[in-house]
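Take a look at the letters that make up each chain.
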Amino acid sequence: MKTLLKGGRVVSGDGWREADVLIEGEKIRQVGTDLSETGAQVVDVTGKWIFPGFIDAHTHFDLEVAGTVTADDFETGTRAAVSGGTTMVIDFATQYKGESLHKALENWHRKAGGVSSCDYGFHLAISDWNQDVSEELKSIIEEGTSSFKLYMTYDDMILEDKAIYQVLKRLRHLGGIAGVHCENSGVIKALVEEEKARGNTGPCAHKNTRPAAVEAEAVSRLLKIAALAGAPVIVVHLSSGIGFQEVKYARERGQEVYVETCPQYLLLDESLYDLPGFEGGRYVIAPPLRGEKDRTRLWNALRKGQIQTISTDHCSFTLAQKDMGREDFTKIPGGMAGVETRPVLLYTYGVAKGLLTAEQMCQVLSENPAKLYGVYPEKGCIAAGSDADLVVWDPEASWVLTRENQTANVDYQAYEGFPVKGRPAQVYLRGKLAAEDGKLVRKYEGKYVARGTYQKVE
């Protein structure tokens, strides 16, 4: 089957140009002006942007956590992803205590296989570090899982500094890379004790127990450990200005450090935790939402190209699940939805407002994650031979985010009432039309993607 997209503006990280895109089978065959092809279905995309399929490198689907299971599994989560223009997700296969890394991957393949509507890969979240796991890393990377997740908090996942150093050093030799959740576990526990001693058990206490300094200290410690290991590292879901300052210091020392942030840290405010009743519970995430100065600092860093990727940390729960922590904020399942709304939020509040360019949107949503996570140029670019993962973006569509018009399997919208501009008019997954005007039209077409080792992002 051949499809010819005519008259659009093809976007890359380096610029954009008026060009046609010819799709044949699952691949892009040609990009150029005034293309024609006998037998091709011609789609007029005049006035629209054509982006490489967006990649969300931070999702948690079908995850058992906090005594429950996330509201979105791979079926509903990938349906929401592709509806919003995301053609690949990289989820976290979690190694539970006592498991091998291969066992963790086997568990996640079973969850995702046959039910995913966009392509997918896995990071491996390491919780049990030992010599056997260290040796296993070589075959894991050779088989196509080249990125890993380390936690500096959470009792069931935390790695101590010794293990973090050893993991990073081992990955340096093997060509892998780790993203790290940076918060100081011990200080959080002490602050929780203080809040509870004062009788503060509601959602408003959440932000008090995880202040920006808790993130910044962990970022600083991680980067000094990474320097000793001689390893590149990714700081995931960065939320604070002072956390970013620690990244700047490390880069000034010559370190290779990458930063991921999320739309919630660019657009939502910590005052939401003070909403009446239990409404603030729906915004309990870790790290928590911050204040205006933090958002401004992150936007400025993003505009200057100092933040490489924007993911979502999609970890969704229903209101009933959030209600598990009504009497104790530490029992509120932490996380929120976002895999569907990330592109339109970044376009609306970044590109349409003149804070970012379309090229920068392409970089942080497509090109950079494809490079960092070992799928470029198969994905993340529009070029002959690349997968025909394409988002035809209508820049003129105007609408409002509501609970009713979302696809994710949750009963509230974190961005309820946000006016937005732009929408994916068509989303192609490996050459097939997968979504149109924000609605899924073809399901279960996603496949697992084995990945190579990371490429350096400038």
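Look up: the structure comes first, before these words.
Here the structure is a predicted model, which is why all the values come from computation and not from measurement. (Residues numbered from 1 in each chain as written. Predicted model: local features only at pLDDT ≥ 70, side-chain atom pairs only at ≥ 80, totals over all residues. Heavy atoms only, no water.)

Colleague: Help me understand the overall build of the chain in this model?
Modeller: Along the chain, the regular secondary structure elements total 13 helices and 19 strands. Taking 2.2 N^0.38 as the reference for a compact globule, 458 residues should give roughly 23 Å; the C-alpha atoms of the chain span a radius of gyration of 21 Å, in line with that estimate. Projecting the C-alpha coordinates of the chain onto the three principal axes gives extents of approximately 75 × 50 × 45 Å. Looking at the 458 residues of the chain, the share that counts as buried comes to 61%. The contacts of the chain with a sequence gap of at least 6 include a subset with a gap of at least 24, amounting to 74%. Approximately 16,900 Å² of the chain is accessible, and the part contributed by carbon and sulfur atoms is 48%. Separation between the mean location of the 53 positive side-chain charges and that of the 63 negative ones in the chain comes to 3 Å. (Helix = DSSP H or I, 4+ residues; strand = E, 2+ residues; numbered from the N terminus. Rg over C-alpha atoms; globule rule 2.2 N^0.38 Å. Buried < 20%, exposed > 50% of the residue type's maximum accessible area, 1.4 Å probe, protein only. Contact = heavy atoms within 4.5 Å. Areas by Shrake-Rupley, 256 points an atom, 1.4 Å probe, with all protein chains shown as cover. Lys, Arg positive; Asp, Glu negative; His and termini not counted. Charge placed at Lys NZ, Arg CZ, Asp CG, Glu CD.)

Colleague: Looking at this structure, I do not really get helix 5 (residues 185-197). What am I missing?
Modeller: Structural remark: α-helix, 3.6 residues per turn; residues separated by three or four positions point the same way. With 13 residues, helix 5 should cover 18 Å at 1.5 Å per step; its first-to-last C-alpha distance of 19 Å lies within 8% of that length. By the burial criterion, the buried members of helix 5 are S185, I188, L191, V192 and E195. Buried residues along helix 5 cover an arc of 125° about the axis, so they all sit on one side. Facing away from the buried side of helix 5, by more than 90 degrees, are the exposed residues E193 and A197. Looking at the buried positions of helix 5, the neighbouring elements they touch are helix 6 (204-209) and helix 7 (212-229). Capping the start of helix 5 is the job of one residue whose side-chain oxygen sits 3.2 Å from the backbone nitrogen of G186: N184. Looking at the residues trailing helix 5, positive phi occurs at G199, about 85°. (Expected span 1.5 Å × (residues − 1). Arc of directions from axis to C-beta. Polar contact = N/O pair within 3.5 Å; in protein donor to acceptor, adjacent residues only side chain to side chain.)

Colleague: Even after reading the chapter, I still don't get the packing of helix 4 (residues 161-174) against helix 7, so can you show me in this structure?
Modeller: Each packed pair of helices is defined by two parameters, the angle between the axes and the distance between the axes. As a packed pair, helix 4 and helix 7 sit with axes 9 Å apart at the nearest point and diverge in direction by 45°. On the basis of the axis angle, helix 4 is oblique to helix 7. Judged by the twist between their axes, the crossing of helix 4 over helix 7 is right-handed. Where helix 4 abuts helix 7, its residues D161, I164, Y165, L168, K169 and R172 lie against R221, L222, I225, A226, L228 and A229. Split into classes, the residues belonging to the contact of helix 4 with helix 7 amount to eight nonpolar, no polar and four charged. (Axes fitted to C-alpha atoms, helices over the stretch in contact; angles between N-to-C directions. Parallel < 35°, antiparallel > 145°, perpendicular 65-115°, else oblique. Left-handed = near helix turned anticlockwise from the far one by under 90°. Nonpolar A, V, L, I, M, F, W, Y, C, P; charged D, E, K, R; others polar.)

Colleague: Would you explain the sheet that holds strand 11 (residues 147-151) in this entry?
Modeller: Strands belonging to one sheet form pairs held by backbone hydrogen bonds; the direction of such a pair is parallel or antiparallel. Here we have eight strands laid out as an open sheet, ordered 6-9-10-11-12-13-14-15, and parallel in their pairing. In this open sheet, the two edge strands, each paired with only one partner strand, are strand 6 (54-59) and strand 15 (309-310). The strands that helix 2 (residues 101-112) touches are strand 9 (86-94) and strand 10 (119-125); relative to strand 10, the one it contacts most, it runs at about 150°. Relative to strand 6, helix 12 (residues 342-351) is tilted by about 115°, and along the sheet it contacts strand 6, strand 9 and strand 15. (Pairing = 2+ DSSP bridges.)

Colleague: Looking at this structure, how should I read the packing of aromatic side chains?
Modeller: Working definition: an aromatic ring pair is given by the centre-to-centre distance plus the angle between the planes. What the rule picks out here adds up to 14 aromatic pairs. Ring plane angle 85° and centroid distance 5.3 Å describe the contact between W16 and W49, whose orientation is recorded as edge-to-face. One end of the pair, W16, is in strand 2 (residues 15-24); the other, W49, is in strand 5 (residues 49-52), with 33 residues separating them in the sequence. A ring pair is formed by F74 and F122, whose centres lie 6.3 Å apart and whose planes are at 85°; its orientation type is edge-to-face. (Phe/Tyr/Trp six-rings, centres within 6.5 Å; stacked < 30°, edge-to-face > 60°.)

Colleague: Can you walk me through the pattern of salt bridges in this structure?
Modeller: Side chains that carry opposite charge are capable of pairing whenever their charged atoms lie near each other. Counting across every chain of the model gives 27 salt bridges. Across the pair D161 and R221 runs a salt bridge, and its minimum N-O distance is 2.8 Å. Taken together, the residues span a long stretch of sequence, with D161 in helix 4 and R221 in helix 7 at a distance of 60 residues. Exposure remark for D161: the relative accessible area of 31% places this residue in the partly exposed category. Across the salt bridge formed by R198 and E194, the nearest N and O atoms sit 3.9 Å from each other. Residue E194 is classed as partly exposed on the basis of its relative accessible area, which comes to 39%. One salt-bridge network, in which partners are shared between bridges, spans E26, K27, D119, K379, D387, D389 and R430. (Salt bridge = Lys/Arg side-chain N within 4 Å of Asp/Glu carboxyl O.)

Colleague: Looking at this structure, how should I read the nonpolar core?
Modeller: Looking at soluble globular proteins, one finds that nonpolar side chains tend to be buried together. Counting residues in hydrophobic clusters, the biggest one holds 111 residues, and the most contacted among them are F51, L168 and L222. Element by element, the count of residues in this core is highest for helix 7, at eight residues. When sequence neighbours within four positions are dropped, the list of residues in contact with L222 reads M152, I164, L168, V180, C182, V233 and V235. Core analysis: the next-biggest nonpolar cluster, separate from the first, contains 15 residues, V10, A19, I382 and L390 among them. (Core = buried A, V, L, I, M, F, W, Y, C linked by side-chain atoms within 4.5 Å.)

Colleague: I keep staring at the state of the cysteines and nothing clicks. Help me out?
Modeller: Linking two cysteines covalently via their sulfur atoms produces the bond known as a disulfide. The final tally for this structure, using the stated rule, is zero disulfides. In this structure C315 is not part of a disulfide, and its nearest cysteine sulfur, from C262, lies 12 Å away. The class for C315 is buried, based on a relative accessible area of 6%. In this structure C381 is a free cysteine whose sulfur lies 8.7 Å from that of C362, the closest cysteine sulfur available. (Disulfide = S-S within 2.5 Å.)

By themselves, these figures tell us nothing about what the structure is for.
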